[in-house]
Amino acid sequence: MALAMTQDRLRRKAVAKLGPRGRELLLTPAGVEQATRAAVAAAHAARYAGAGVRRVADLGCGIGADALAAVDAGLDVLAVDADPLTAAVAAANLAAAGPGRARVRCADVTAGVVDELGPGDGAWFDPARRTARGRRLFDPEATSPPLSFVLATAQRVAATGAKLAPGLPHELVPERAEAQWTSVAGDVVECALWCGPLARPGVRRSARLLAADGAAHEVDDRDSPPAAVGAVGAWLHEPDGAVVRAGLVGAVAERVGGRLLDETIAYVTTDEPVTTPLASAWAVHDVLPFGLKPLRSYLRGLDVGPLTVKKRGTAVDPDELRRRLGLRGSRAATIVLTRVAGRQSVLVVSPAGASAAG
């Protein structure tokens, strides 16, 4: 009974990531937490299918989310995981979803599995990014397997891809490879590294945004010219996290005809209202130099109580700032702490379409 209740709870949680199929899968708590979202996994599989790959080795397959998407795309799959329970769960899920299309093996992905791959095969890695105690790992060489093993595999298996942490430094992206940062409803979920035929010609960095309604938007470094820096306009545009991680803020500036507030800050400003799926828009109502006392006086004059604090390029702690401001008013407001032309500044803003306090 307890096992059935646990599966029911996990399946209800899995539907948000895996769609209706989540109600039918065998799941583990860690498997649900680490599984690739269905729409993202489908995009992974499409890369392999589009490159002419016939079989994918899913190395570090977890409960099988990426492997299932590969089967859906018409690919054969060799799914490998070092944990016996996880491998057994993946085997059950794949047997039910793609009879005869997938084989599952419990093995260390660094222990010779790659040597079995030949022409027409591709390799997909999802390195473990947590310690046994659940602590998140940020160094790509500390994951299992490490990035160096992934890159060594790419030398042997041209169609190699990997699901890496969003914090991957740009300098670690190899020549003739593409790093693609993906966000889902504004949450940056991964940086996928694509090597060989999986990488698009001329693209080193790209961002893919999946909206809550399922719409997808992409931009890459072919579309990101250097952006000018200028005065704060009537509108502020906050690029999606995937765009920022990919270093493609210039693409937002290009699309909205805008400029940066500061050459080191990922905010774009325009004089006219413009919308883009690459960024959220905010109406700018005032710009102030940063200072605790004048800011407190200003906000109290507007009868502000609840205060949303957004920030980039400042060490100010929002919770501590709210405490020190001591606002007791009845109106809500949003401020942005950032640099404008090198100076610490405060922008009083409201979401596009909303009214401001005051």
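Residues numbered from 1 in each chain as written. Predicted model: local features only at pLDDT ≥ 70, side-chain atom pairs only at ≥ 80, totals over all residues. Heavy atoms only, no water.

> Break down the packing of aromatic side chains for me, citing the residues and quoting the values.
For the structure on display, the rule yields four aromatic pairs. Their ring planes at 75 degrees and their centres at 5.9 Å tell us that Y48 and W194 sit as a pair that is edge-to-face. Separated by 146 residues along the polypeptide, Y48 in helix α3 (residues 38–50) and W194 in strand β7 (residues 187–194) bring together distant segments of the chain. Considered together, Y48 and W194 belong to a single accessibility category, that of buried residues. Ring geometry for F125 versus F149: centroids 5.9 Å apart, planes at 85 degrees, classification edge-to-face. On the criterion of sequence distance, the pair formed by F125 in strand β4 (residues 121–125) and F149 in helix α6 (residues 147–156) is long-range, its members being 24 residues apart. (Phe/Tyr/Trp six-rings, centres within 6.5 Å; stacked < 30°, edge-to-face > 60°. Helix = DSSP H or I, 4+ residues; strand = E, 2+ residues; numbered from the N terminus. Buried < 20%, exposed > 50% of the residue type's maximum accessible area, 1.4 Å probe, protein only.)

> With reference to specific residues and values, describe the nonpolar core.
With 42 residues, the main nonpolar core has L59, L193, A207 and V243 as its most contacted residues. Residue contributions to this core peak at five residues, all from helix α8 (residues 249–256). Every residue in contact with V243, bar those within four places of it in the chain, is listed here: A207, L209, V219, L248, V249, V252 and L278. Core analysis: the next-biggest nonpolar cluster, separate from the first, contains 29 residues, L10, A14, L27 and V32 among them. (Core = buried A, V, L, I, M, F, W, Y, C linked by side-chain atoms within 4.5 Å. Contact = heavy atoms within 4.5 Å.)

> Could you give me a rundown of helix α5 (residues 84–97), with the residues and numbers involved?
An ideal rise of 1.5 Å per residue puts 20 Å on 14 residues; α5 measures up with 20 Å between its terminal C-alpha atoms. Those residues of α5 not exposed but buried are T86, A87, V89, A90, N93 and L94. In an axial view of α5, the angular spread of the buried residues amounts to 160 degrees, which keeps them on one side of the axis. Exposed residues pointing more than 90 degrees away from the buried face of α5 are listed as P84, L85, A95 and A96. If you follow the buried residues of α5, they end up packed against α4 (65–72), β2 (76–81) and β3 (102–106). (Expected span 1.5 Å × (residues − 1). Arc of directions from axis to C-beta.)

> Break down helix α10 (residues 318–325) for me, with residues and values.
Regarding α10, the residues found buried are P318, L321 and L325. Angular distribution of buried residues about the axis of α10 spans 60 degrees; they occupy a single face of the element. For α10, exposure combined with an orientation more than 90 degrees from the buried face picks out D319 and R323. Those residues of α10 that are buried lie in contact with α9 (292–301), β14 (304–311) and β15 (331–340). N-cap assignment for α10: the residue whose side-chain oxygen lies 3.2 Å from the backbone N of D319 is D317. A positive phi of about 60 degrees marks G326, the residue just after α10. (Polar contact = N/O pair within 3.5 Å; in protein donor to acceptor, adjacent residues only side chain to side chain.)

> Account for the sheet that holds β2, with residues named and values stated.
Strand order across the open sheet formed by nine strands is β3-β2-β1-β4-β5-β7-β6-β8-β9, with mixed pairing between neighbours. Because the sheet does not close on itself, it has two edges, and the strands there are β3 and β9 (216–220). Neighbour to neighbour, the strand axes of the sheet diverge by 20 degrees on average, direction disregarded. The pairing of strand β5 (residues 160–164) with β7 spans four bridges and is classified as antiparallel. Counted as the bridge partner of L164 is C191 from β7. (Pairing = 2+ DSSP bridges. Axes fitted to C-alpha atoms, helices over the stretch in contact; angles between N-to-C directions.)

> Can you break down the layout of surface pockets residue by residue, with the values?
Put simply, the largest pocket is a space of about 1200 Å³. Elements that contribute at least two residues to the lining of the largest pocket include exactly α1 (2–18), α2 (29–34), β1 (55–59), α4 and β7. Sort the elements by how many residues they give to the lining of the largest pocket and α2 lands first, with five residues. Its boundaries defined by the atoms lining it, the second largest pocket holds a volume of some 200 Å³. For the second largest pocket, the full set of lining residues is L151, A154, Q155, A158, P174, E175, R176, A177, C195 and G196. (1 Å grid on protein atoms, 1.4 Å probe; cavity = no way out; pocket = protein on both sides within 12 Å on 5 of 7 lines; lining within 4 Å. Points joined across faces, edges and corners; volume = space filled by probe spheres on them.)

> So, the side chain of D262: which residues are in play, and what are the values?
Secondary-structure assignment places D262 in the loop between β11 (259–260) and β12 (268–270). In this structure, D262 is buried with no salt-bridge partner, the nearest side chain bearing the opposite charge being R339 at 4.2 Å. With near-sequence residues (within four places) excluded, D262 lies in contact with V229, R339, V340, A341 and G342. (Lys, Arg positive; Asp, Glu negative; His and termini not counted. Salt bridge = Lys/Arg side-chain N within 4 Å of Asp/Glu carboxyl O.)

> Mind laying out the environment of A67, listing which residues take part and the relevant values?
Inspection of the secondary structure assignment puts A67 in helix α4. Each residue touching A67, except ones within four places of it in the same chain, is listed here: D58, V77, A79 and L94.

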